[in-house]
Amino acid sequence: VAASKRYADQYKHLTDKGEYVASKSELLIANKLYAQGIKYEYEKEVWIGGRCYRPDFTIYPNDGRELYWEHAGMMDKPEYRQRHEEKMDFLAQHGIKLQENLIVTQDRNGTISMDEIQRTIDFYRLRD
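Residues numbered from 1 in each chain as written. Predicted model: local features only at pLDDT ≥ 70, side-chain atom pairs only at ≥ 80, totals over all residues. Heavy atoms only, no water.

Draft legend 1. Highlighting the environment of Gly-110. Inspection of the secondary structure puts Gly-110 in the loop between strand S8 (102–106) and helix H3 (114–123). Among the residues examined, Gly-110 registers a relative accessible area of 63% and is labelled exposed. (Helix = DSSP H or I, 4+ residues; strand = E, 2+ residues; numbered from the N terminus. Buried < 20%, exposed > 50% of the residue type's maximum accessible area, 1.4 Å probe, protein only.)

And the structure:
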């Protein structure tokens, strides 16, 4: 499956669910979601505004919502930060908004906080 992705060589971290993800942070988030029985798809194609968007995670809580989760791992790199901000603007223009149907987490100083990930899961009521 990973071989069919654009940057296939980046998908080298195997989750507990049995799928390959691109970063260690995505691995930790995926494993946390899976361990808590939260339904999700990794990099599912979503067509928005005539463009294909692949959120890191599409989340399906039991209450019928569909949420998108982006994890920004390299905000210390100006090019990455700019692309991330452009993506957030594009999504907002097409009805995908922070704290509504969009979840955004990020590494801080190169590290991910699993406490923050758990608080995010709790805040958005992603599990029963």
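Draft legend 2. View of helix H1 (residues 24–35). A rise of 1.5 Å per residue sets the reference length of H1, with its twelve residues, at 16 Å; its end C-alpha atoms lie 16 Å apart and thus fit the reference within 8%. If you check which residues of H1 are buried, you get Ser-25, Glu-26, Leu-27, Ile-29, Ala-30, Asn-31 and Leu-33. Count one or two residues on from H1 and you reach Gly-37, which has phi positive near 70°. (Expected span 1.5 Å × (residues − 1).)

Draft legend 3. Representation of the pairing of S8 within the structure. Direction of pairing for strand S7 (residues 67–72) relative to S8: parallel, over a ladder of five bridges. Paired with Glu-70 across the two strands is Val-104, which belongs to S8. (Pairing = 2+ DSSP bridges.)

Draft legend 4. Here's a closer look at the sheet that holds strand S6 (residues 57–60). Taken together, four strands build an open sheet; the order of strands is S3-S6-S7-S8 and the sheet is mixed. In this open sheet, the two strands that pair with only one neighbour each are strand S3 (39–42) and S8. For this sheet the average axis-to-axis angle between neighbouring strands, irrespective of direction, equals 25°. Pairing between S6 and S7: three bridges, direction antiparallel. In the sheet register, Thr-58 faces S7, and the bridge partner there is Tyr-68. Where H1 meets the sheet, it contacts S3, S6, S7 and S8, and its direction lies at approximately 10° from that of S6. Relative to the sheet, helix H2 (residues 78–93) contacts S7 and S8, its axis offset from that of S7 by approximately 165°. (Axes fitted to C-alpha atoms, helices over the stretch in contact; angles between N-to-C directions. Contact = heavy atoms within 4.5 Å.)

Everything listed here is a matter of coordinates, which is why it stays silent on function.
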